[in-house]
Amino acid sequence: MDKVLLTRWFWWLLLLPLIFIGTRVFQVVWYDPSALGPDPAQSLVDLFGTTALWFLCAVLFVTPLQALIRARWLLRQRRALGVACFGYALMHWLSYAGLLLEWQWQNLGQDLLNRPYIIVGFLAGLMLLVLAGTSNNVSVRALGRRWRILHRLVYPAALLVLIHMFWVARSDYTEVALYSAVVLLLLLHRWRHQTKSS
Amino acid sequence: MKAPVGSKLTERDVTPEAIYLNRRQYLKASAVGAAALMAPALKASEAAPSVDPAPLWLQSQNKQASSSPFSTTEKLTPYEYVTGYNNFYEFGTGKDDPEKKGQDFKPHPWQVTVSGLAEGTGTFDLEDLLKGLAVEERIYRLRCVEAWSMVIPWLGVPMAALLKRLKPLSSARYVAFETVYRPEEMPGQGSFFAAIDYPYVEGLRMDEAMHPLTLMATGVYGRSLPNQNGAPLRLVVPWKYGFKSIKSIRKITFTDRQPQTTWEKANAREYGFYANVNPAVDHPRWSQAEERRLPSTLFASNRVPTLPFNGYADAVAGLYQGMDLTKYY
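A brief report on the enclosed structure follows.

Conventions and cut-offs
- Note that residues are indexed from 1 along each chain, following the sequence as it is written.
- Each chain takes a letter, starting from A, and each ligand takes a number, starting from 1, following the order in which they are written.
- Only residues with pLDDT of at least 70 are given local features in this predicted model, and only at 80 or more are side-chain atom pairs given and counted; all residues enter the totals for whole chains, interfaces and linings.
- Computation of side-chain values: all heavy atoms of the structure, hydrogens and water removed.
- Only DSSP runs of H or I with at least four residues qualify as helices, and only runs of E with at least two residues qualify as strands; both kinds are numbered from the N terminus onward.
- With a 1.4 Å probe rolled over the protein chains alone, any residue whose accessible area is under 20% of its type maximum counts as buried; one over 50% counts as exposed, and the rest are partly exposed.
- Residue-level accessible areas treat just the shown protein chains as cover; the underlying method is Shrake-Rupley with a 1.4 Å probe.
- Of the grid points, spaced at 1 Å and generated over the protein atoms alone, those admitting a 1.4 Å probe that cannot get out make up cavities, while open sets with protein on both sides within 12 Å along at least five of seven lines make up pockets; any residue with an atom within 4 Å of a point is treated as lining.
- Grid points are joined across faces, edges and corners, and a volume is the space filled by probe spheres set on the points.
- Charged residues are taken to be Asp, Glu, Lys and Arg, nonpolar residues to be Ala, Val, Leu, Ile, Met, Phe, Trp, Tyr, Cys and Pro, and polar residues to be all remaining types, Gly included.
- Buried residues of nine kinds, namely Ala, Val, Leu, Ile, Met, Phe, Trp, Tyr and Cys, make up a nonpolar core once their side-chain atoms join them within 4.5 Å.
- In this analysis, two residues are considered to be in contact whenever any of their non-hydrogen atoms come within 4.5 Å of each other.
- Buried area is calculated as the accessible area (1.4 Å probe) missing from two parts once they are joined, with the contributions of both summed.
- Salt bridges are defined as contacts in which a side-chain nitrogen from Lys or Arg sits within 4 Å of a carboxyl oxygen from Asp or Glu.
- Nitrogen and oxygen atoms within 3.5 Å of one another constitute a polar contact, given that in protein one can donate a hydrogen and the other can accept it, and given that sequence-neighbouring residues count only through two side-chain atoms.

Quick look at the overall build of chain B
Helices and strands together make up the secondary structure of chain B, namely 12 helices and 12 strands. Taken across its 329 residues, chain B has 55% of its residues classed as buried. Accessible area of chain B: about 14400 Å², with a carbon and sulfur share of 55%.

Here it is in structure tokens:
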């Protein structure tokens, strides 16, 4: 398939979860208030958070997959995946701050100061912000070698996200254990790959 | 406070219950009161389905429920949400898991084992345990520790009436409850990564258990309890966070020592034995000052201030006189 077309399809793929969630929101707003359950704000927070996590895993998966199937094309889409991850993380935060807390700045501040899971989640979000902000061609050229070093921030960000999830869990760690296994395997692969090539 | 009115509910009465309870508003709204009563048709999802799978004796006991002066007149949370959005970790961690994964659970026949400091110890069929006790409908606020709340029309027997029947000894100072343990029917109980121990255990001080507000629930919304809400027998303590209201109770034990509770064992810093609703004491992970009264909408989360003892302070604050509630949370 034509590379340009492929890229375009790929970008639509990144928007797929947004379209899915957007459809539900449309339903809620226009004709079915129960489409997101009795606590729609909380549902949105969860949906966006999970989606962001999937994209984070996908970003980390690109390098091992690339090594396996030798698709250089995929490597070039890594930045798009990363930006999508940040986008969903931002929506996660916006639904928490805007819909759940309704922009009550005092409560937002209290949470940010007192709740460890919020603190690590917010830190991870800031890291993703830096990464997304430097994911354009201009930044890549301007930063040169330092760009690669800077973008290793994705690893501590991933670990903070796992801690965030671990501290959110109340009754059962199955889900966080599964994601941790995935992320840690990917990190391990990355680390071995790194030490071999350097 | 007016006396409870004895009313015989029939199958037909189940659906218009919400309308019935708000009759004064409707009458006020229209000079033609009777017509007004008929007018607002409830959405199907707001009322219980007419099929009740419970045994006939339980159905009929629940149908004879009388109303109670302890009921609130606040707007009910629709049946669909009361039975489709809750925590019952035995069936999974998702809010819709109890309804989705709870359908294989078999709450009948059911037995309850009573032990400890009481004369009436032994194992009883549920029917015998409840025989002759008058079921009441109690519309209570339920405040979850996760900062959301609902208004739920429970059916049940006053806990005091049930416990008196078991003749606790004067040395009994606490009563402990235990949920049934059936990992083959309750997938959450078999989870390798469970953060809490199963079977779920809870407990009350004797005076809390005997308090007139404390209910042993047998039904909700005019029908017997669905599996996901703790069939066939669950605790309802409206002034405490929801997790105190243990579901699918299999054992009752009278004791002279404060029993350990599931959440205390899992995380004593976050969950205490008393777990009284208290806006002044934050949960370490979120503020308890407010709650989202469900259902909330996307752009108006329906936040209301959380009241001390969930609004039941007049009735229960006396139980905790002189206690430091920031220490005994």
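What about empty space enclosed by the protein?
To find leftover empty space, one rolls a probe the size of a water molecule over the atoms. Residues and elements named next belong to chain B. Scanning all chains against the criterion turns up 3 cavities of 30 Å³ or more. As a volume, the largest cavity reaches approximately 320 Å³. Taken together, 25 residues form the lining of the largest cavity, with Asn87, Arg234, Gly242, Phe243 and Lys247 sitting closest to its centre. Counting residues per element, the lining of the largest cavity draws most heavily on strand S4 (residues 148-158), which supplies 4 residues. Residue composition of the lining of the largest cavity, by class: 15 nonpolar, 6 polar and 4 charged. Space inside the second largest cavity adds up to approximately 40 Å³. Class assignment of the residues belonging to the lining of the second largest cavity gives a composition of 5 nonpolar, 2 polar and 2 charged.

A few points about the nonpolar core
Ranked by internal contacts, the top residues of the largest apolar core, which has 81 residues, are Trp154, Val175, Phe177, Met216, Trp239, Ile252 and Phe254 of chain B. Per element, the largest residue contribution to this core is 7 residues, and it comes from S4 of chain B. Dropping the residues within four chain positions of it, Ile252 of chain B is found in contact with Val112, Thr113, Val114, Ser115, Val175, Ala176, Phe177 and Met216 of chain B. Formed by 57 residues, the second largest nonpolar core is a distinct cluster that contains Val28, Leu101 and Val176 of chain A together with Leu298 of chain B.

So, unusual backbone geometry
Residues and elements named next belong to chain B. Put simply, Tyr198 and Pro199 share a cis peptide bond, and its omega is 0°. Looking at where Pro199 falls in the secondary structure, it is placed in the loop between strand S5 (174-179) and strand S6 (201-205). A cis amide bond links Leu294 with the next residue in sequence, Pro295, at an omega value of 0°. Here Pro295 lies in the loop between strand S11 (290-293) and strand S12 (303-305). Residues other than glycine seldom take positive phi values, yet Ser248 does so here, at roughly 45°. Residue placement: Ser248 occurs in the loop between strand S9 (234-236) and strand S10 (249-255).

Some words on the interface of chain B and chain A
Listed per partner, the contact involves 32 residues of chain B and 30 residues of chain A. Buried area between chain B and chain A, summed over both chains or domains, comes out near 2600 Å², and the portion from carbon and sulfur atoms is 51%. Broken down residue by residue, the surface that chain B buries against chain A is led by Phe193, Arg285 and Leu298 of chain B, which jointly contribute 29%. Inspection of the chain B/chain A interface yields 3 salt bridges. One salt bridge connects Asp39 of chain A with Arg292 of chain B, and the closest N-O pair in it is separated by 2.7 Å. Viewed at the interface, chain A and chain B are joined by 19 residue pairs in polar contact (both at pLDDT 80 or more).

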